Each structure stands twice: as C-alpha cells, then as structure tokens.
Amino acid sequence: DVSASVSFALDDVDYRQLLLVKAAANIASCDVPSINALMRSMYGHRGRCYVSYDVNTPMELVYHFEFTPTPVEQSIILSGLFPQPAGVDVTYVFS
C-alpha cells in the first residue's frame, strides 16, 4: 500500500496528471456529479471510478476505483488533491 507521503520522481506524463488533478480540483464544485466527472476524465480510461455516499451518512464520501492504480496514481489519489467538501470524511476503495 502506497502512503501519500511517499516521494516519486515524476515523468512528464505523471507530472501532467498531477497538475491536471490539482487544477481541476481548484475549479470543480464539491458535489457528487462534478467529482464523478473529474474522476472519469482523469482515470476513466483505466477502469470504472466514481464517488458515492450513503443517505444515512451524508458527511462521508467514498471514492471507488475499480482498477489497480499504479503506485504514482495511488499517491496522487491519496495526496488529498481531489475535491473534498468541507467537513466531509473521505474513504478510498481500490478493487
């Protein structure tokens, strides 16, 4: 399991992905449709990915990745760059 604190030397493709995630997170709304659109645009070519929540626990979001991300992708995902509504807990599921 890759921790968000692991450092990587990024090649151009991975660095571009990091910048795109950060830029998109800065302009995206923190609602489920916007986050899903961001996830599909960034990782949709790798497999199914989406965010969900349970109406019984609306202050918790679950980011689902139905593929195995590379160590660099996982580090970007776990870095906290993806949008997260204020006061909402986030869980990441990789399958």
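These lines cover the structure that appears in this document, whether it is placed above or below. (Residues numbered from 1 in each chain as written. Predicted model: local features only at pLDDT ≥ 70, side-chain atom pairs only at ≥ 80, totals over all residues. Heavy atoms only, no water.)

**A short note on the packing of helix α1 (residues 12-27) against helix α2 (residues 32-43)**
So, step 1. It is at 11 Å that the axes of α1 and α2 come closest, and there the two elements cross at 165°. Judged by the inter-axis angle, α1 sits roughly antiparallel to α2. In the crossing of α1 with α2, the sense of the turn from one axis to the other is right-handed. Every residue of α2 that contacts α1 at Gln17, Leu20, Val21, Ala24 and Ala25 is listed here: Leu38, Met42 and Tyr43.
So, step 2. Of the residues assigned to the contact of α1 with α2, the class counts are seven nonpolar, one polar and no charged. (Axes fitted to C-alpha atoms, helices over the stretch in contact; angles between N-to-C directions. Helix = DSSP H or I, 4+ residues; strand = E, 2+ residues; numbered from the N terminus. Parallel < 35°, antiparallel > 145°, perpendicular 65-115°, else oblique. Left-handed = near helix turned anticlockwise from the far one by under 90°. Contact = heavy atoms within 4.5 Å. Nonpolar A, V, L, I, M, F, W, Y, C, P; charged D, E, K, R; others polar.)

**Details of the environment of Tyr50**
So, step 1. Relative to the elements of secondary structure, Tyr50 occurs in strand β1 (residues 49-54).
So, step 2. In this structure Tyr50 comes out as partly exposed when scored by relative accessible area, which is 23%.
So, step 3. The sequence separation of Tyr50 and Leu78 amounts to 28 residues, and the corresponding C-alpha distance is 15 Å.
So, step 4. Among all residues touching Tyr50, those that are not within four sequence positions of it are Asn36, Met39, Val62, Tyr63, His64 and Glu66. (Buried < 20%, exposed > 50% of the residue type's maximum accessible area, 1.4 Å probe, protein only.)

**Things to note about the sheet that holds β1**
So, step 1. Spatial ordering of the open sheet is given by β1-β2-β3, a layout of three strands whose pairing is mixed. Edge positions in the sheet fall to β1 and β3 (89-94), since each of these pairs with one other strand and no more. Sheet twist, expressed as the mean angle between neighbouring strand axes with direction ignored, is 25°.
So, step 2. Alignment of strand β2 (residues 57-65) against β3, held across six bridges, turns out to be parallel. Along β3, the bridge assignment pairs Leu61 with Val90.
So, step 3. Contacts from helix α3 (residues 71-78) reach β2 and β3 within the one sheet, and its direction differs from that of β3 by about 165°. (Pairing = 2+ DSSP bridges.)

Scope: geometric values only; no functional claims are made or implied.
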